[in-house]
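Analysis of the macromolecular model
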Amino acid sequence: MDDLENLVEAVKLGDPERVRSILDLNGQLVHRKDSTGATALHYAALYGHRQVAELLIQRGADINSMDDQFGATPAGWAVEGAKGEQRSAAAAETAKAPGRSAKITTRRC
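Computed from a prediction, not measured in an experiment: that's the story for all the values here.

Focus on the overall build of the protein
For the protein, the count of helices and strands is 5 helices and 0 strands. For the protein, the proportion of contacts with a sequence separation of at least 24, taken over those separated by at least 6, is 57%. Carbon and sulfur atoms form 50% of the exposed surface of the protein, whose accessible area is close to 6,900 Å².

In structure tokens form, the structure reads like this:
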């Protein structure tokens, strides 16, 4: 696993201490993009990890950086992440209802 993959994994897990440690070793990672053009901040926004997102911004992450796949900023990814959480919550409630089954459909960014 390379340094960027390690950072993105820590971000997805919402582990601010690990993110901080990785950036202490290589602060330029905050600007690097993965194969889809997404930065670590995109993933922090998508997964709703506010503390990690704030840390990345403090370390210089560009809040206006656009990914290559959708042309979306981290804020756009945050909206998609929130929509996914709402769909999951609604599906879980539907599944609890007597005599109902839920079909869960997810989209990936």
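Comments concerning the packing of helix H1 (residues 3-13) against helix H2 (residues 16-25)
At a minimum axis separation of 8 Å, H1 and H2 run at an interaxial angle of 160°. Overall, the two elements H1 and H2 adopt an arrangement that is roughly antiparallel. Note that H1 runs across H2; the crossing there is left-handed. Counting all contacts with H1, which are made through Asp3, Asn6, Leu7, Glu9, Ala10, Val11 and Leu13, the residues of H2 involved are Arg18, Val19, Ile22 and Leu23.

As for the environment of Asp3
Tracing the backbone shows Asp3 in helix H1. Residues Asp3 and Ile22 lie 19 residues apart in sequence; the distance between their C-alpha atoms is 7.8 Å. In contact with Asp3, other than residues within four places in its own chain, are Ile22, Asn26 and Leu29.

Cut-offs applied
- Residues numbered from 1 in each chain as written.
- Predicted model: local features only at pLDDT ≥ 70, side-chain atom pairs only at ≥ 80, totals over all residues.
- Heavy atoms only, no water.
- Helix = DSSP H or I, 4+ residues; strand = E, 2+ residues; numbered from the N terminus.
- Contact = heavy atoms within 4.5 Å.
- Areas by Shrake-Rupley, 256 points an atom, 1.4 Å probe, with all protein chains shown as cover.
- Axes fitted to C-alpha atoms, helices over the stretch in contact; angles between N-to-C directions.
- Parallel < 35°, antiparallel > 145°, perpendicular 65-115°, else oblique.
- Left-handed = near helix turned anticlockwise from the far one by under 90°.

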